[in-house]
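Fold and geometry: a report
What follows is each chain in one-letter form.
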Amino acid sequence: MQVFGLIGNPVTHSLSPPMHEAAYDELGIDARYVTFEPDPVTLETALEGADALGVRGLNVTIPFKQDVLAHVEPDELARRIGAVNTIDFSGEGPPTGHNTDAGGALRALERVDVDLEGAGAVVVGAGGAGRAISFGLADAGATVAIANRTEPNAHDLADEVPGASGHDLESVPDLLADADVLVNATSVGMEEDVSPVPAEALHGDLTVLDAVYRPLETRLLREAADRGAATIDGAWMLLYQGVEAFERWTGADAPVEVMNEALRERL
Ligand code: NAP
């Protein structure tokens, strides 16, 4: 039996185990997906132990996405983003580190027919998700404006992302006037009916992706749809980051619909 899993803290309510195990069942892969909450001081030992025990792959979530960089061989994208959410132990050398959040967001955006090449994108949030999504959008050819509550973090990130600019949250309505894409990469809207963007700033030419997936329909997405924008909920990003990890680890085409059903059943 192959073992895959997730390390983070907390991981108790993670949706990744049912999502990945539904895919193993569908394709007849003899594998399990297990969650682990290692103590931060034993992270390196935990990773060495996983490798020694034959664990094939681990997803990584808060608070370890940055810390694992030091213990794996990151690919170029993970190195630029500065965070790893997928570790592959299957090679001969040291485990490799990847970031599938960026690809997950891009594949979620592909659900609506938005052309990112030359698009104007506004990313609200400059934390882990904001970093991955900003690099992903810039690599896809969009011009990215990053707005963050703590403004210096937006400038710091914009300095690293090709062609990007940094802003405070008050600038978002002006930035949105000519924008094609809006991404909420803050936790605003999670569990609470609030939005990081004033409703009046939203318009029908926007495609809006919310990284938040609890609830599925956030206030931002509701207000964006009311104004005629195309909307994509955070479960699509969660799904496609998992799809990318699954395909990397198993080499098989992921049964996307089965994984999507397993995910949405639990949201
Ligand atoms: P993080 O690294 O802790 O960053 C949090 C971000 O939210 C920062 O930009 C922070 O701004 C901002 N923020 C927090 N509270 C705020 C408030 N009250 N007003 C304005 N801004 C606020 O977290 P993360 O990993 O980036 O995650 C952010 C969200 O994305 C979470 O809801 C997470 O669940 C979601 N996410 C979803 C996926 C997916 O696959 N769908 C993947 C990753 C993350 P400051 O810098 O000012 O603190």
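Residues numbered from 1 in each chain as written. Predicted model: local features only at pLDDT ≥ 70, side-chain atom pairs only at ≥ 80, totals over all residues. Heavy atoms only, no water.

**Section: the overall build of the chain**
Helices and strands together make up the secondary structure of the chain, namely ten helices and twelve strands. Against the 2.2 N^0.38 benchmark of 18 Å for 267 residues, the chain shows a C-alpha radius of gyration of 18 Å, consistent with a compact globule. In terms of overall dimensions, the chain has a C-alpha envelope of 55 × 35 × 35 Å along the principal axes. Going through the 267 residues of the chain one by one, you find that 51% of them count as buried. A fraction of 63% describes how many contacts in the chain between residues 6 or more apart in sequence connect residues 24 or more apart. Carbon and sulfur atoms form 47% of the exposed surface of the chain, whose accessible area is close to 11,800 Å². Counting 16 positive and 46 negative side-chain charges, the chain places the averaged centre of each group 4 Å from the other. (Helix = DSSP H or I, 4+ residues; strand = E, 2+ residues; numbered from the N terminus. Rg over C-alpha atoms; globule rule 2.2 N^0.38 Å. Buried < 20%, exposed > 50% of the residue type's maximum accessible area, 1.4 Å probe, protein only. Contact = heavy atoms within 4.5 Å. Areas by Shrake-Rupley, 256 points an atom, 1.4 Å probe, with all protein chains shown as cover. Lys, Arg positive; Asp, Glu negative; His and termini not counted. Charge placed at Lys NZ, Arg CZ, Asp CG, Glu CD.)

**Let's talk about the sheet that holds strand β12 (residues 230-232)**
Strand order in the open sheet made by the six strands is β9-β8-β7-β10-β11-β12, with parallel pairing throughout. Edge positions in the open sheet fall to β9 (165-167) and β12, since each of these has one partner strand only. Geometrically, the sheet is characterised by an average inter-axis angle of 20 degrees between neighbouring strands, direction not taken into account. Both strand β10 (residues 181-184) and strand β11 (residues 207-210) contribute to a ladder of four bridges, which runs parallel. Paired with V183 across the two strands is L209, which belongs to β11. (Pairing = 2+ DSSP bridges. Axes fitted to C-alpha atoms, helices over the stretch in contact; angles between N-to-C directions.)

**Some thoughts on the pattern of salt bridges**
For the structure on display, the rule yields ten salt bridges. A salt bridge links E76 to R80, with the shortest nitrogen-to-oxygen separation between them at 3.2 Å. With E76 and R80 both in helix α3 (residues 76-81), this residue pair falls four residues apart, about one helical turn. E76 sits in the exposed class, given a relative accessible area of 53%. Relative accessible area serves as the criterion here: at 27%, R80 is assigned to the partly exposed category. The salt bridge involving E223 is made with R219; its shortest N-O contact spans 2.9 Å. Residue E223 and its partner R219 are located together in helix α8 (residues 219-226), separated by four residues, close to a single helical turn. For E223, a relative accessible area of 13% corresponds to the buried category. Bridged by salt links that share partners, the residues E76, R80 and D139 form one connected network. (Salt bridge = Lys/Arg side-chain N within 4 Å of Asp/Glu carboxyl O.)

**Focus: the nonpolar core**
Ranked by internal contacts, the top residues of the largest apolar core, which has 55 residues, are L109, I133, L137, I146, L239 and M259. Per-element accounting of this core gives the leading share, ten residues, to helix α9 (residues 234-250). Inspection of this core shows a minimum of three residues originating in each of domain 1 (2-99 + 237-264) and domain 2 (102-232). Once residues within four sequence positions are removed from consideration, I146 is found in contact with V123, G125, A126, S134, A154, L157, A158, V161, A164, S165, G166 and H167. (Core = buried A, V, L, I, M, F, W, Y, C linked by side-chain atoms within 4.5 Å. Domains from an automatic or database assignment.)

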